[in-house]
4 protein chains.
Amino acid sequence: MSMEADMGPPRFGSIEQLRDALRRFSLERDWDQFHSPKNLAMALIVEAGELLEHFQWMSERESAELTPAKLSEVRAEIADVFIYLVRLADRLGIDLLSAAATKIDQNARRYPADEFRGSSRKYSELKTRD
Amino acid sequence: MSMEADMGPPRFGSIEQLRDALRRFSLERDWDQFHSPKNLAMALIVEAGELLEHFQWMSERESAELTPAKLSEVRAEIADVFIYLVRLADRLGIDLLSAAATKIDQNARRYPADEFRGSSRKYSELKTRD
Amino acid sequence: MSMEADMGPPRFGSIEQLRDALRRFSLERDWDQFHSPKNLAMALIVEAGELLEHFQWMSERESAELTPAKLSEVRAEIADVFIYLVRLADRLGIDLLSAAATKIDQNARRYPADEFRGSSRKYSELKTRD
Amino acid sequence: MSMEADMGPPRFGSIEQLRDALRRFSLERDWDQFHSPKNLAMALIVEAGELLEHFQWMSERESAELTPAKLSEVRAEIADVFIYLVRLADRLGIDLLSAAATKIDQNARRYPADEFRGSSRKYSELKTRD
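Throughout this document, residue positions are counted from 1 along each chain, in the order its sequence is written. Whichever chain is written first is A, and whichever ligand is written first is 1; the rest continue in order. Per-residue local features of the predicted model are confined to residues with pLDDT of at least 70, and side-chain atom pairs are confined, for both listing and counting, to 80 or more; whole-chain, interface and lining totals are unaffected and use all residues. Hydrogens are left out, water is left out, and the side-chain values use all remaining heavy atoms of the structure.

(A) Unusual backbone geometry, seen in detail. All names here are of chain A. For aspartate 30, which is not glycine, the phi dihedral falls at a positive 60°. Strands are runs of DSSP state E lasting at least two residues, helices are runs of H or I lasting at least four, and both sets are numbered from the N terminus onward. Relative to the assigned elements, aspartate 30 resides in the loop between α1 (15-29) and α2 (37-53). Exposure classes here rest on a 1.4 Å probe applied to the protein chains alone. A residue is buried below 20% of its type maximum, exposed above 50%, and partly exposed in between. Accessibility expressed as a relative area gives 41% for aspartate 30, which makes it partly exposed.

(B) The arrangement of the interface of chain D and chain C in detail. Residues count as neighbours in contact if any of their non-hydrogen atoms are within 4.5 Å of one another. Across the contact, 79 residues belong to chain D and 80 residues belong to chain C. Roughly 6800 Å² of surface becomes buried between chain D and chain C when both sides are summed, with 70% attributable to carbon and sulfur atoms. Each reported salt bridge corresponds to a side-chain nitrogen of Lys or Arg within 4 Å of a carboxyl oxygen of Asp or Glu. For the pair chain D and chain C, the interface holds two salt bridges. Elements supplying a minimum of two residues to the side of chain D that touches chain C: α1 (15-29), α2 (37-53), α3 (60-63), α4 (68-92), α5 (96-110) and α6 (120-126) of chain D. Top element by residues in the side of chain D that touches chain C is α4 of chain D. It accounts for 15 residues. Note that Gly is not counted as nonpolar here; it falls among the polar residues with everything else outside the nonpolar set of Ala, Val, Leu, Ile, Met, Phe, Trp, Tyr, Cys and Pro and the charged set of Asp, Glu, Lys and Arg. Grouping the constituent residues of the side of chain D that touches chain C by class yields 50 nonpolar, 17 polar and twelve charged. Using a 1.4 Å probe, buried area is obtained as the accessible area two parts lose upon being combined, added over both of them.

(C) Quick peek at the relation of the copies chain A and chain B. Each copy of the sequence occupies a distinct position, and chain A is placed on chain B by a rotation of 180° and an axial shift of 0.0 Å, giving an RMSD of 0.0 Å. As the rotation angle and translation indicate, the two copies are arranged about a two-fold axis. For chain A, the minimum C-alpha distance to the rotation axis belongs to isoleucine 45 of chain A and amounts to 3.2 Å. Least squares is the method used to superpose the copies, on C-alpha atoms of residues holding a pLDDT of at least 70 in both.

(D) Geometry of the environment of isoleucine 45 of chain D. Considering the arrangement of structural elements, one finds isoleucine 45 of chain D in helix α2. In the structure, isoleucine 45 of chain D is positioned 37 residues away from phenylalanine 82 of chain D in sequence and 11 Å away in space, judged by C-alpha atoms.

Right under this line is the structure:
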């Protein structure tokens, strides 16, 4: 992975490679001082808001049929959310894939497929278990 | 990767494996009908809010020194954000690592290390470029 | 307005009366130390997330036809958002009604009724003016 | 209250007057069709994110000492949050001041001043009662 501007976009083969690139990016700019978990969690939700803004006046159907131009904008916002999420997890020593695995295992127990199939009423109710 | 409850948590070797597990999880419960990009972007920010709640009254320093119990709670919230992010990207056909690479390349050009090193004033100003 | 628990809920005739009650509430608990604008803006968005959670899996139509039980929950979340908004505005010396008036005046100029009537396409586009 | 662009900003003497102006504003543009509670709750959190963005890299102290230029920007974001909050409450038939009174009464019972005075540890713990 190279950050050299004249070599085109970097390629990341894994979250760890992205994490390392973000560490380097922050170090080179001396920005670690701003990257407390508190601040990174704020930055994450700010970006999540910018992402949501694209969808706020669309119907659900429209949100699934984005134009190429809109999709490109949405992709950039999703990248921002992901970048802050990887950075926050790194600062806290959390492995994202492992944390997701734990959560999916819990969810599989909480929401057995047979019991929670298809009903929006049930789907809505189950959220109250959170 | 297996979702069988009696086989312990699944292990994901890549985002793609997590993505596939989430597809299966949603299919088994017939939840795709609720997972429009609009709704998933909402769910994502709701989880980002639950994550932020843990930090809201902490000082920045405290947020970097979490107790094991608090860290475990934060890990679960980070997992929720990640899960919805992977799900949303999947519904839109977006590759997360590739999108992040594009964004980091842009950021490297916008914020040259020499120009944007260390000052919170500059850091604050540069946000206005977004 | 009285905060005495045995006198029933207080009544506020104006935002100023609510603001004063919140000042007293915070002073009595020595919570001003936590109520920096930064922290209050975080608390506000956390509550906005809890509010949004009620709507995330509903259709738009369902969101307009809440059951009394759900409406009561939503009302409590709206109150939380309002309380933090009044508190934040107070800490910054901002008058909410006056700030809203300024904004509405700007919006009336930016979005002439004749030009922006009814089309979701136009409505979506106009957001790019923000 | 007049929305005429050449008459200067309107003045609102109460939340009800603001609510009525927003009704008129939306009617004149035929925007009620977009203003489902679900969509308005999304718009509210999007604006809360824009508000938070101003504070995300500031220290708490800095957030209490805004420059006039920054304060003006923050004031405009606070106005946006307030406008969507008033609009959402209106669509749901909720009286903001009354909802806040109910909540403050509950909070006064939950957090007796004698028990919850001053400690950030206690303050943090009490949030778990929510």
